[in-house]
Amino acid sequence: MAVAAATLRVAELFGPTFQGEGASVGQRAFFIRLSGCNLDCGWCDTPYTWDWSRFDRAAESRVMAPSDVLGWVLGQRPQLVVVTGGEPLLQQRALLPVLEGLHRAGVPVEIETNATMLPDPAVVAAVTRFNVSPKLTGSGVASQRRLKPEVLQALQDTGKTCFKFVIAGEDDVDEVAALQAALGLAPVWVMPEGTTPEAVLAGLRALAEPALVHGWNLTPRLHVLLWGDERGR
Ligand SMILES: Nc1nc2[nH]cc(C(=O)O)c2c(=O)[nH]1
Ligand code: SF4
Ligand SMILES: [Mg+2]
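Residues numbered from 1 in each chain as written. Chains lettered and ligands numbered in written order. Predicted model: local features only at pLDDT ≥ 70, side-chain atom pairs only at ≥ 80, totals over all residues. Heavy atoms only, no water.

A.B. asks: Residues and numbers for the site of ligand 2, please.
C.D. replies: Within the structure, ligand 2 sits among Cys37, Leu39, Asp40, Cys41, Trp43, Cys44, Thr46, Trp50, Gly86, Asn114 and Lys135. In terms of residue class, the shell around ligand 2 is built from six nonpolar, three polar and two charged. (Near = heavy atom within 4 Å. Nonpolar A, V, L, I, M, F, W, Y, C, P; charged D, E, K, R; others polar.)

Here it is in structure tokens:
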């Protein structure tokens, strides 16, 4: 009897839209949002991928074969694919055939990760970039759970990583500066927290000078400026 291949728990497949955050902001992209997270950030904008005390897992996700996910995304003829969550590396074994299929087809793939899990070498090989968002004190998650220096170092060493910090207040700026000094993280993008255009714009304005002073890049949340917190955008 054939052994069933590992399956993926998918929250949503969507696009076309624009990569709204980070180094590729503005690029037309299709998104694979996987379900499940190992953290529980207070300001999380996708609790429907993991908070089963508030959301119904059966209604908010579906189990798919990796080959079906790959078929859907290749069928969109994407210029860029973004894999996010939740924490997508929780499912990296089942995700690998999707990443490898995209790599074979010459499609660039970015993974958004919270930097608590080491990617397998095969995942590193298939991925174009890791958009790495270590969580800060303001997330409300205990530091031993959210900060894994050895994972941050390994991601940095892939040569495929951009760090993207969500900034929810002034303390977060100092914390990013301290983390960068301690661990040598680079390159760094800072991004305001916020799920309304007004909040994102106010955050961008507040972050502009500190970003310039610290030598950081600044990213909006373009999809929020365009569409607020609509799902599937
Ligand atoms: N357009 C768009 N860009 C994004 N970049 C990262 C996202 C995420 O939720 O991880 C995201 C998202 O949800 N939408
Ligand atoms: S790591 Fe990301 S998906 Fe997980 S709880 Fe935090 S913000 Fe939400
Ligand atoms: Mg998002």
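A.B. asks: Provide a residue-level description of the nonpolar core, including the pertinent values.
C.D. replies: For soluble globular proteins, the rule of thumb is that nonpolar side chains tend to be buried together. Ranked by size, the top nonpolar core spans 45 residues in total, and within it Val83, Leu99, Ile111 and Phe165 carry the most contacts. Element by element, the count of residues in this core is highest for helix H3 (residues 92-104), at six residues. The residues touching Leu99, leaving out its near neighbours within four places in the chain, are Val83, Val109, Ile111, Val123, Ala126 and Val127. Grouped together as the second largest cluster of nonpolar side chains are five residues, Phe14, Ala29, Leu80 and Val82 included. (Core = buried A, V, L, I, M, F, W, Y, C linked by side-chain atoms within 4.5 Å. Buried < 20%, exposed > 50% of the residue type's maximum accessible area, 1.4 Å probe, protein only. Helix = DSSP H or I, 4+ residues; strand = E, 2+ residues; numbered from the N terminus. Contact = heavy atoms within 4.5 Å.)

A.B. asks: Give a detailed account of the UniProt feature "domain: Radical SAM core" (unreviewed entry) in the protein chain, specifying residues and quantitative values.
C.D. replies: According to UniProt, the feature "domain: Radical SAM core" (unreviewed entry) maps to residues 24-229 in the numbering used here. Summarising residues 24-229: 41% helix, 18% strand, and an end-to-end C-alpha distance of 20 Å. (UniProt positions renumbered as here; feature names shortened; annotations may be inferred.)

A.B. asks: Talk me through the site of ligand 1; I want residue IDs and the actual numbers.
C.D. replies: Contacts to ligand 1 come from Thr17, Phe18, Gln19, Gly20, Glu21, Phe31, Arg33, Thr84, Glu112, His223 and Arg233. A distance of 2.6 Å separates an oxygen atom of ligand 1 from a polar atom in the side chain of Thr84. For ligand 1, whose accessible area on its own is 320 Å², the fraction buried by protein is 92%. Mapped by element, the contributors of at least two residues to the shell around ligand 1 are strand E1 (8-18) and strand E2 (28-34). Partitioning the shell around ligand 1 into residue classes produces two nonpolar, five polar and four charged. (Polar contact = N/O pair within 3.5 Å; in protein donor to acceptor, adjacent residues only side chain to side chain. Areas by Shrake-Rupley, 256 points an atom, 1.4 Å probe, with all protein chains shown as cover.)

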